[in-house]
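# A look at the structure
Chain by chain, the residues:
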Amino acid sequence: MAIAYRLRIGILLLLGFVLAACERGGGEKDLERPNLRAGLPDSFYRQHERLFEARENGEAVLGSLAKLYHANGFLQEAKECYEALANMETAAAKWPYLAHRVSADLGDAESAILYLQETLKRDGSHALAALRLADLWVKSGKSNEAVALYQQCLGLYQYREYAYLGLARVSMNEKNYAQARSYLARSIEADPSLATGYLLLASVSEALGEPELARLARENGRKLSKHRDPVDPWVDSLYEYCYDSYSLRVAAAVYLDTHRPELALPRLQRALAVDGSDPHTLLEMGQWHLKFGEKPEGYAYLRSAVEADVAFEDPYYVIASELQLEGDYRRSLEAAKVAIDLFPRSSRFYRLAGIAYGKLKAYQKEVEYLQKAVDLAPHDSRALIALGNFYWRNQERDTAATYYERARAISPAELDVRVLLAGYYFEEGRLSEMKACIDEAVLLAPESSVITELFANYSLEMGNRAFRSSEFGKAEGFYLDSLENAPEAMEANVNLTMLQLKTRQLDKARARLEGLIEHNKELDFAYPLLAAVALEAGKVDYARELIRVGMGLVDFRSEARSKVLFDTVNRQLTAID
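First, a word on scope: everything that follows refers to the structure included in this document.

Cut-offs and rules
- Residues numbered from 1 in each chain as written.
- Predicted model: local features only at pLDDT ≥ 70, side-chain atom pairs only at ≥ 80, totals over all residues.
- Heavy atoms only, no water.
- Disulfide = S-S within 2.5 Å.
- Buried < 20%, exposed > 50% of the residue type's maximum accessible area, 1.4 Å probe, protein only.
- Salt bridge = Lys/Arg side-chain N within 4 Å of Asp/Glu carboxyl O.
- Helix = DSSP H or I, 4+ residues; strand = E, 2+ residues; numbered from the N terminus.
- Expected span 1.5 Å × (residues − 1).
- Arc of directions from axis to C-beta.
- Contact = heavy atoms within 4.5 Å.
- Polar contact = N/O pair within 3.5 Å; in protein donor to acceptor, adjacent residues only side chain to side chain.
- Axes fitted to C-alpha atoms, helices over the stretch in contact; angles between N-to-C directions.
- Parallel < 35°, antiparallel > 145°, perpendicular 65-115°, else oblique.
- Left-handed = near helix turned anticlockwise from the far one by under 90°.

### A short note on the state of the cysteines
Applying the stated rule across the entire model yields 0 disulfides. Here Cys-242 stays free of any disulfide, with the sulfur of Cys-81 as its closest cysteine sulfur at 17 Å. Given the relative accessible area of 1%, Cys-242 is considered buried.

Below, the structure is given as structure tokens:
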């Protein structure tokens, strides 16, 4: 009797669970109330309580609860919600798609693939799901499946730059580098601002034995922003549910770093809505407005950041720096000195004050404050450069160079200091040290005209040294290097012509000089040089005609060196007459 009673009760309880599951509309397991970490705003916990209690009221509420978990880092809880949503046959494609993002973040690639397949089953035109699945197939070694999905993206005319990148990766895995190069060219054409295309092209070019193309591609890639993912509207919608101001600021920084400021601002606004007194968010918002020229709004947010936390250094620094950029050195100095009183061990404010004093012509104060900045932070390259600039401006170049060298050793990215040192070493005749600075500068700014001129000067002087030592082959190579960077430079052309006359390379000299004149008929110094070559070859009439034409171009009042060339050849012609 007792056993029959217990069996009857068990059956009723089991039936109750089954009926409850059926009422929830799909047989998914009930969600347990999670033990949420502390530290989020009260508004998060209130919204969570409301959504959790109403979680059985349909797809929209459960979806909001899933996004709340996902946006605030509760990934396991979000996964459970997304699984329940994905099991609803009528649910939208976005739920399995978001489930794949959580699975990927949890390191579960197998589940991520299944959820992306379910996404495409519900919405076959969702190109981003196809792209994500293709990327996972590449990592799993399933090239054929990946190629089909990348081609689908191309057919949908969406995310073409990323689809071509994916196809290039497949080709690279198959060692088909020529095909990979073709795909990368199309990716770069579709979006020239995407760094990944150039960096992959560098690897492909190296594999094809094209080191110069590889160098150029890598330099272009490094000049662009960091890798950026395609815009993902469904993931972006999570930020409406985010209550972590730090995560929101990081998201805004990523968008700014990848040149998408229109997506950064809503994240910062949301962060302020979550915690309007957070000094870090106020600082970021101030910098955003300053970056886009909205000065009053920017300074207002920076002042609010200071009021929110008087001991927070960064807003003081941004204010003083921004005033210097605007050329308002007096107010910048005032701001820096206020900060020095509050943060007497912070070198950057002494540096800003020193620079401001220099602009205001208080030079003794300038060097005093810059020296203090260096003393406080001997490894701060900016302080070292500022102090070096002071000595350089005051013609104490040896002293300046010592500070520049210290900055160069500390920071591999300081371009100006390498350019200044290269010029200094050139004047000092220290060509090996000059060349080292040029090589480093070229990596930072390969298209800089200043660096090109420095390299031309270096090659010219190396050629002159070799010429004086009768190393004519070496000298010619250096002169040609110099002219490659500055084809119309007078001194390099004169010296190379003299060398080629001495070594009887008359045809090479004639071809080069005629090419110069054809390219620029106003290049007066080329005429007497070519006339000298013509005379050496016995072509007197041709030499006279060149002198006649050239004399009609040159202004001897401003071109004294050209006059010397013409006078020299004219004396030779007179001697012949």
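On we go.
### Here we look at the pattern of salt bridges
If you walk through the whole model with that rule in mind, you get 31 salt bridges. Note that Glu-440 and Arg-418 form a salt bridge whose closest N and O atoms lie 2.7 Å from each other. On the criterion of sequence distance, the pair formed by Glu-440 in helix H25 (residues 431–444) and Arg-418 in helix H24 (residues 415–428) is long-range, its members being 22 residues apart. Look at Glu-440 and you get partly exposed, because its relative accessible area is 28%. Overall, Arg-418 belongs to the buried group, its relative accessible area being 3%. In this structure, Lys-474 engages Glu-471 in a salt bridge whose closest nitrogen and oxygen atoms are separated by 3.3 Å. Overall, Lys-474 belongs to the partly exposed group, its relative accessible area being 47%. One network of salt bridges, in which partners are shared, links Glu-405, Arg-408, Arg-418 and Glu-440.

### Here's the deal with helix H14 (residues 245–257)
The end-to-end C-alpha distance of H14 is 18 Å, a good match for the 18 Å that 13 residues give at a rise of 1.5 Å each. Looking at H14, one finds that the buried residues are Ser-245, Leu-248, Arg-249, Ala-251, Ala-252 and Tyr-255. An end-on view of H14 places all buried positions within 160° of arc, on one side of the element. Elements in contact with the buried residues of H14: helix H13 (233–236), helix H15 (261–274) and helix H16 (279–291). The opening residue of H14 is Asp-244, an N-cap whose side-chain oxygen sits 3.1 Å from the backbone nitrogen of Tyr-246. At the exit of H14 stands His-259, carrying a positive phi of roughly 60°.

### Some details on unusual backbone geometry
What is expected of a backbone is that most residues other than glycine have negative phi and most peptide bonds are trans. Unlike most non-glycine residues, Tyr-157 shows phi in positive territory, near 55°. Checked against the element boundaries, Tyr-157 lands in the loop between helix H8 (143–155) and helix H9 (160–173). Tyr-157 sits in the exposed class, given a relative accessible area of 65%. Phi at Tyr-159 is positive, roughly 55°, even though this residue is not glycine. Locating Tyr-159 in the fold gives a position in the loop between H8 and H9.

### Thoughts on the side chain of Arg-408
As for its position among the elements, Arg-408 is in helix H23 (residues 397–410). A polar atom in the side chain of Arg-408 sits 2.9 Å from the side chain of Glu-440. Non-local contacts of Arg-408, meaning those with residues more than four positions away in its chain, are made with Val-417, Arg-418, Leu-421, Ala-436, Cys-437 and Glu-440.

### Digging into the packing of helix H17 (residues 295–308) against helix H18 (residues 313–325)
Contact geometry of H17 with H18 gives a least axis separation of 9 Å together with a crossing angle of 150°. For the element pair H17 / H18, the angle class is roughly antiparallel. Every pair of crossing elements has a handedness; the one defined by H17 and H18 is left-handed. Listed contacts from H18 to Lys-295, Tyr-299, Leu-302, Ala-305 and Val-306 of H17 are Pro-315, Tyr-316, Val-318, Ile-319, Glu-322 and Leu-323.

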